[in-house]
Amino acid sequence: MGTLYWILVFLAAYCFMEFMAWFTHKYIMHGFLWHLHKDHHHKDHDSWFERNDTFFLFYAVVSIGFLLLWEFKDFWPGLPIGLGIFSYGVSYFIVHDIFIHQRFKIFRNVNNWYAKGIRRAHKIHHKHLGKADGECFGMLFVPFKYFKK
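Rules behind the numbers
Residues numbered from 1 in each chain as written. Predicted model: local features only at pLDDT ≥ 70, side-chain atom pairs only at ≥ 80, totals over all residues. Heavy atoms only, no water. Helix = DSSP H or I, 4+ residues; strand = E, 2+ residues; numbered from the N terminus. Buried < 20%, exposed > 50% of the residue type's maximum accessible area, 1.4 Å probe, protein only. Contact = heavy atoms within 4.5 Å. Areas by Shrake-Rupley, 256 points an atom, 1.4 Å probe, with all protein chains shown as cover. Lys, Arg positive; Asp, Glu negative; His and termini not counted. Charge placed at Lys NZ, Arg CZ, Asp CG, Glu CD. Expected span 1.5 Å × (residues − 1). Arc of directions from axis to C-beta. Phe/Tyr/Trp six-rings, centres within 6.5 Å; stacked < 30°, edge-to-face > 60°. pLDDT = per-residue confidence, 0-100.

1. What about the overall build of the protein?
Now for step 1: Tallying secondary structure elements over the protein gives five helices and zero strands in all.
Now for step 2: Its helices and strands taken in sequence order, the protein reads α-α-α-α-α from the N to the C terminus.
Now for step 3: Burial status across the protein gives 37% buried among its 149 residues.
Now for step 4: Put simply, of all contacts in the protein between residues at least 6 apart along the chain, 53% involve residues at least 24 apart.
Now for step 5: Total accessible area on the protein stands at roughly 9,500 Å², and carbon and sulfur atoms take up 70% of it.
Now for step 6: Across the protein, the mean location of the 17 positive side-chain charges is 11 Å away from that of the 11 negative side-chain charges.

2. Points about helix H3 (residues 55-73)
Now for step 1: Over its 19 residues, H3 runs 27 Å from end to end, which matches the ideal 27 Å to within 8%, given 1.5 Å per residue.
Now for step 2: For H3, the full list of buried residues reads Phe55, Tyr59 and Ser63. For H3, the arc enclosing every buried residue in end-on projection is 70°, short of the 170-degree limit, so these residues lie on one face. Summarising the geometry of H3, the exposed residues directed more than 90 degrees from the buried face are Phe58, Val61, Phe72 and Lys73.
Now for step 3: Contacts from the buried residues of H3 go to helix H1 (3-32), helix H2 (34-41) and helix H4 (78-100).

3. Re the packing of aromatic side chains
Now for step 1: On inspection of all chains with the given rule, the structure shows 15 aromatic pairs.
Now for step 2: Each member of the aromatic cluster is reached from another via a ring pair, and the members are Phe16, Phe19, Trp22, Phe23 and Tyr27.

4. Things to note about the confidence of the model for the protein
Now for step 1: Residue-level pLDDT values for the protein average 90, and 99% of them are 70 or greater.
Now for step 2: For the protein, H2 is the element with the lowest average pLDDT, namely 88, and H3 is the one with the highest, namely 96.

5. Let's talk about helix H5 (residues 113-126)
Now for step 1: Over its 14 residues, H5 extends 20 Å from the first C-alpha to the last, a length consistent with the 20 Å expected when each residue adds 1.5 Å.
Now for step 2: Among the residues of H5, those classed as buried are Ala115, Gly117, Ile118, Ala121, His122, His125 and His126. Buried residues in H5, looked at end-on, bunch into an arc of 165°, giving them a common side. Relative to its buried face, H5 has exposed residues pointing more than 90 degrees away, namely Trp113 and Lys123.

Structure follows, in structure tokens:
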């Protein structure tokens with residue numbers, strides 16, 4: 001397949017992952033798997049790791065599955081889809097775990113309009129300590145109101 005198709009499939013997979021992150025966060029993490037996510041809203045242990053960290057495993061398996069389809073079943077979209085999912089995971093880790101929650105002490109001084117908006121949206125999300133009544137479940141694309149001064 002041509003490079004343009006590869007790039008379009010990669011970008012579609014990457015962008016679709018924002019929807020999947022929103023959907024998973026709202027209906028699964030704040031739903032039937034709240035017991036794995038609640039320590040992210042209200043830390044109840046001394047470990048650097050959170051039970052919430054297990055969610056990355058699901059998407060890692062899906063990404064690897066697409067890469068295996070490409071490698072062993074000659075399914076050409078498997079490579080750009082798998083890499084799109086992986087790339088979104090890296091972006092999510094950098095934005096959420098490093099930039100917003102400062103699990104590693106870098107990117108502390110990033111202060112542009114986009115950074116302020118996603119930080120503000122995530123802060124609003126975390127003001128709810130329970131699984132109900134949450135808002136702003138997305139990560140990279142948040143409602144415009146969070147970017148206003």
